[in-house]
Amino acid sequence: MKTTVEKLTATRVKLNISVTPEELQPSIQHAYEHIGSQVNIPGFRKGKIPKQLLDQRVGREEILNHAVTDGLDKFYRQAVVEEKIRVLGRPEADIKTWPEVKDFSGDLELVVEVDVRPEFDMPSLEGLTLTVDEAKVSADDVKDELDALRSRFGTLVTVDRPAKKGDFAQLDLVAKIGDDEVDSATSISYEVGSGELIEGIDEALDSLSADETTTFESTLLGGDHEGETALITVTLLAVKERELPEADDDFAQIASQFDTIKELKADIKEQVAKSKAFGQGAQARDQIVDVLLKSVEIPVPPKLVEDEVHRHLENENRLEDEAHRAEVTESSEKTFRSQILLDSIVESEGVKVSQNELTSYLMQGASQYGMEPGEFIQVLDKNGQIPGMIAEVARVKALAVVLGKAKVVDSKGNAIDVSAFTASALGDDDDDSEEVTAADLAGSGGEPAHNDSDAHGRNSGNEHFGHDHKSPLVARGRPTGAPASASRPEFSRVAHDGAALRRQVSGECRQGHRCPFPLSAAEVQRSIPAHPGPPDITRASASSLVTFGNSGTEHDPCAHFRTAERTGAASPEFPKVSMSV
């Protein structure tokens with residue numbers, strides 16, 4: 001197979017692919033086999049029909065059309081691998097020249113245009129100076145952490161007064177649209193001011209007393225009427241406040257491994273100091289991309305940005321909002337520039353991702369979206385997003401590599417040691433789990449990594465692996481002038497073994513690995529205290545009235561990885577090609 005690459009712009013290339021009759025022959029043979037297994041001809045069993053009879057009944061044009069459809073994706077991916085093309089978007093293909101129908105002689109000539117990662121001069125990764133906030137542990141910091149720990153051991157006591165922020169309210173909720181009741185929740189416990197229930201609930205409960213009822217309008221958060229405005233009736237059954245235990249030696253012995261409150265406070269101070277130091281590392285990490293992007297110009301494929309902006313605005317139902325479109329466009333361009341920069345660093349620094357690191361990242365994602373790890377991975381696997389997750393882990397590790405080379409100082413000029421922070425991203429030196437290869441990271445090329453069979457019983461080593469023939473046979477014919485065109489290809493196959501990840505999550509990975517994705521400074525401050533206590537309250541089950549955190553598209557487990565999918569996370573598979581009549 002011969003391929004020439006023509007650079008159209010800094011971010012787009014044209015591949016001219018020439019396939020010889022010998023290289024097309026396996027696809028032609030497969031076309032005879034598959035069509036022969038589908039048609040009914042009296043006197044012959046399916047799959048045993050002679051080629052000459054198929055030529056007469058089906059037509060050699062259809063045989064050739066089927067063969068080209070079958071091989072198009074394979075030839076494209078082979079060309080990308082051989083020419084080392086770093087694909088960023090979806091390819092568009094034309095059939096320039098068809099082989100002769102009468103004997104399948106002559107070359108098949110394909111023309112494919114695709115967006116690619118641009119070439120640019122890598123900025124220097126040495127000598128970066130990053131300034132972060134000073135990390136001083138105050139008495140108030142220790143007090144706040146101690147109070148948080150005390151609250152985990154507090155008890156709820158019913159009080160006879162109006163509800164206020166911080167109280168726990170026992171509620172009945174009913175949602176109506178018109179005269180129809182569409183949802184309800186009974187005897188749920190809610191911390192006033194926490195924002196974990198439907199919008200407007202805190203204002204409705206303000207100064208409300210037990211056995212009182214009020215109504216307010218709000219937008220439902222889920223169910224069949226998600227997004228619709230409903231009249232919410234809330235009945236306050238009881239008001240409870242939390243009584244905290246005294247901060248004394250007895251409490252220290254109950255809540256920790258220490259015998260005295262003095263020892264517990266000293267340990268809390270040490271934990272807060274570590275948390276703030278970790279926050280400094282996160283703050284420095286978050287500056288790296290901005291600093292590097294200022295010193296380099298990285299073009300981004302316009303179509304890539306256009307598609308992402310349209311998807312974003314469509315999800316928000318704001319396609320006509322031009323001001324917001326400009327904001328999203330700017331943000332999307334920066335996101336893609338950041339990803340291209342980090343992917344180049346991954347390549348130049350030889351960053352590798354292990355199976356354990358990937359699994360830890362996926363488990364953290366599952367926890368973030370409140371899903372079982374196996375279920376979360378199945379969603380990603382089904383949508384072809386696992387390769388994108390591999391890329392994300394590699395980018396995180398690339399940031400840690402750059403941070404390890406930088407000089408980090410606080411606002412007073414004191415040098416900050418971020419080695420512990422970078423170590424959390426770079427992983428354990430003794431991690432002997434299987435490495436996720438470059439083929440898994442690439443957006444194209446390479447056969448699937450697993451050995452499972454496809455729907456036709458072919459294993460991953462078969463050149464027709466994954467060809468599922470979902471498109472029906474199309475009209476026969478032969479090109480008579482303008483070349484037939486392949487419609488826009490879709491990305492569908494996954495180059496990574498999702499089943500292996502599911503097995504790992506259900507087995508040894510439940511023991512837990514160090515997460516390769518460092519939290520941001522804000523996330524660190526919201527992290528679980530070093531001294532966990534018993535849960536003090538059971539939340540209500542999820543319904544359209546209940547939300548744990550943000551609502552809307554941000555709760556979709558696929559919405560956060562689509563960008564990775566659009567930057568070559570999966571391999572392309574071309575659709576059915578129809579020869580013009």
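For clarity, every value in this text was computed on a predicted model and none was experimentally measured. (Residues numbered from 1 in each chain as written. Predicted model: local features only at pLDDT ≥ 70, side-chain atom pairs only at ≥ 80, totals over all residues. Heavy atoms only, no water.)

**A closer look at helix α4 (residues 139-152)**
Right, so step 1: Look at α4: 20 Å from first C-alpha to last across 14 residues, which is about the 20 Å you get at 1.5 Å a residue.
Right, so step 2: Residues of α4 that are buried: Asp141, Val142, Leu146, Leu149, Arg150 and Ser151. (Helix = DSSP H or I, 4+ residues; strand = E, 2+ residues; numbered from the N terminus. Expected span 1.5 Å × (residues − 1). Buried < 20%, exposed > 50% of the residue type's maximum accessible area, 1.4 Å probe, protein only.)

**A short note on the sheet that holds strand β2 (residues 12-19)**
Strand pairing in a sheet is mediated by backbone hydrogen bonds. Such pairs are either parallel or antiparallel.
Right, so step 1: Strand order in the open sheet formed by four strands is β1-β2-β4-β3, with antiparallel pairing between adjacent strands. Looking at which strands have only one partner, the edges of the open sheet turn out to be β1 (2-9) and β3 (92-97). Taken over all neighbouring pairs, the strand axes of this sheet differ in orientation by 20 degrees on average, direction set aside.
Right, so step 2: Examined bridge by bridge, β3 and strand β4 (residues 108-115) share five bridges and lie antiparallel to one another. Within the sheet, the bridge partner assigned to Glu92 lies in β4 and is Glu113. (Pairing = 2+ DSSP bridges. Axes fitted to C-alpha atoms, helices over the stretch in contact; angles between N-to-C directions.)

**With respect to unusual backbone geometry**
Right, so step 1: Of note, the phi angle at Ser187 is positive, near 50 degrees, even though the residue is not glycine.
Right, so step 2: Take Ser187: it is sitting in strand β8 (residues 180-191).
Right, so step 3: Assessed through its relative accessible area of 44%, Ser187 is described here as partly exposed.
Right, so step 4: In the Ramachandran plot, Asp211 falls in the positive-phi region, its phi being about 70 degrees despite a non-glycine side chain.
Right, so step 5: Locating Asp211 in the fold gives a position in the loop between α5 (201-205) and β9 (213-219).
Right, so step 6: Given a relative accessible area of 66%, Asp211 falls into the exposed group.

**Here we look at helix α1 (residues 21-36)**
Within an α-helix, residues lying three or four positions from one another point in the same direction, as the helix has 3.6 residues per turn.
Right, so step 1: Along its 16 residues, α1 runs 21 Å from first to last C-alpha, staying within 8% of the 22 Å computed at 1.5 Å per residue.
Right, so step 2: Those residues of α1 not exposed but buried are Leu24, Ser27, Ile28, His30, Ala31, Tyr32, His34, Ile35 and Gly36.
Right, so step 3: Packing partners of the buried residues in α1 comprise β2, α2 (51-57), α3 (60-82) and β4. (Contact = heavy atoms within 4.5 Å.)

**Focus on the packing of helix α7 (residues 261-293) against helix α9 (residues 322-349)**
Right, so step 1: Relative to each other, α7 and α9 sit at 95 degrees, their axes nearing to 10 Å. By the angle between their axes, α7 is roughly perpendicular relative to α9. Contacts between α7 and α9 involve Val289, Asp290, Leu292 and Leu293 on the former and, on the latter, Lys334, Arg337, Ser338, Leu341, Leu342 and Ile345. (Parallel < 35°, antiparallel > 145°, perpendicular 65-115°, else oblique.)

**Focus: the confidence of the model for the chain**
Right, so step 1: Across the chain, the average pLDDT comes to 77, with 74% of residues at 70 or higher.
Right, so step 2: When the criterion is pLDDT under 50, residues 438-581 qualifies, and its contacts beyond four places in sequence or with other chains add up to 373 contacts. (pLDDT = per-residue confidence, 0-100.)

**Digging into the packing of aromatic side chains**
Right, so step 1: All chains considered together, the criterion is met by three aromatic pairs.
Right, so step 2: Measuring from centroid to centroid gives 6.1 Å for Tyr369 and Phe376, while their planes differ by 20 degrees, and the two rings are stacked.
Right, so step 3: With a relative accessible area of 0%, Phe376 lands in the buried category. (Phe/Tyr/Trp six-rings, centres within 6.5 Å; stacked < 30°, edge-to-face > 60°.)

**Considerations on the environment of Ala163**
Right, so step 1: By the secondary structure assignment, Ala163 is in the loop between β6 (155-158) and β7 (168-177).
Right, so step 2: With 75 residues separating them in the primary sequence, Ala163 and Ala238 have C-alpha atoms 8.9 Å apart.
Right, so step 3: Contacts of Ala163, omitting those with residues within four sequence positions, involve Leu205, Asp206, Ser207, Leu208, Leu236 and Val239.

**Regarding the packing of helix α10 (residues 355-368) against helix α12 (residues 386-405)**
Right, so step 1: Between α10 and α12, the shortest axis-to-axis distance is 10 Å and the interhelical angle comes to 105 degrees. For the element pair α10 / α12, the angle class is roughly perpendicular. On α12, the residues that touch Glu357, Leu358, Tyr361 and Leu362 of α10 are Ile386, Met389, Ile390, Glu392, Val393 and Lys397.
Right, so step 2: For the contact of α10 with α12, the residue count by class is seven nonpolar, no polar and three charged. (Nonpolar A, V, L, I, M, F, W, Y, C, P; charged D, E, K, R; others polar.)

**A look at the pattern of salt bridges**
Right, so step 1: Tallied over the entire structure, the rule returns 27 salt bridges.
Right, so step 2: The shortest N-O distance in the salt bridge between Glu92 and Arg12 comes to 3.3 Å. Of the two residues, Glu92 sits in strand β3 while Arg12 sits in strand β2, which places them 80 residues apart along the sequence.
Right, so step 3: For Glu92, a relative accessible area of 35% translates into the label partly exposed.
Right, so step 4: For Lys397, the salt bridge identified is with Glu357, shortest N-O distance 2.9 Å. Within this pair, whereas Lys397 is found in helix α12, its partner Glu357 is found in helix α10, the two being separated by 40 residues in sequence. Across the pair, Glu357 and Lys397 agree in class, each one buried.
Right, so step 5: Via salt bridges that share partners, Arg12, Glu92, Glu113 and Asp115 belong to a single interconnected network. (Salt bridge = Lys/Arg side-chain N within 4 Å of Asp/Glu carboxyl O.)

**Concerning the pairing of β7**
Right, so step 1: Sheet analysis places β7 next to strand β10 (residues 229-243), joined by nine bridges and oriented antiparallel. By the bridge assignment for β10, Lys176 is matched with Leu231.
Right, so step 2: Pairing of β7 with β8, which is carried by nine bridges, proceeds in the antiparallel orientation. By the bridge assignment for β8, Ala175 is matched with Asp183.
Right, so step 3: Connecting β7 to the antiparallel partner β8 that follows it, the hairpin turn spans two residues, and Gly178 within it adopts a positive phi of roughly 70 degrees.

**What about the nonpolar core?**
Right, so step 1: Of all hydrophobic cores here, the largest spans 52 residues; its most connected members are Leu292, Ile345, Leu358, Leu403 and Val408.
Right, so step 2: Looking at this core, the elements that each hand over two or more residues are β5 (129-132), α7, α8 (302-316), α9, α10, α11 (373-382) and α12.
Right, so step 3: With nine residues, the single largest contributor to this core is α12.
Right, so step 4: Leu72, Val87, Ile95 and Val116 belong to the second largest nonpolar core, which has 36 residues in total. (Core = buried A, V, L, I, M, F, W, Y, C linked by side-chain atoms within 4.5 Å.)

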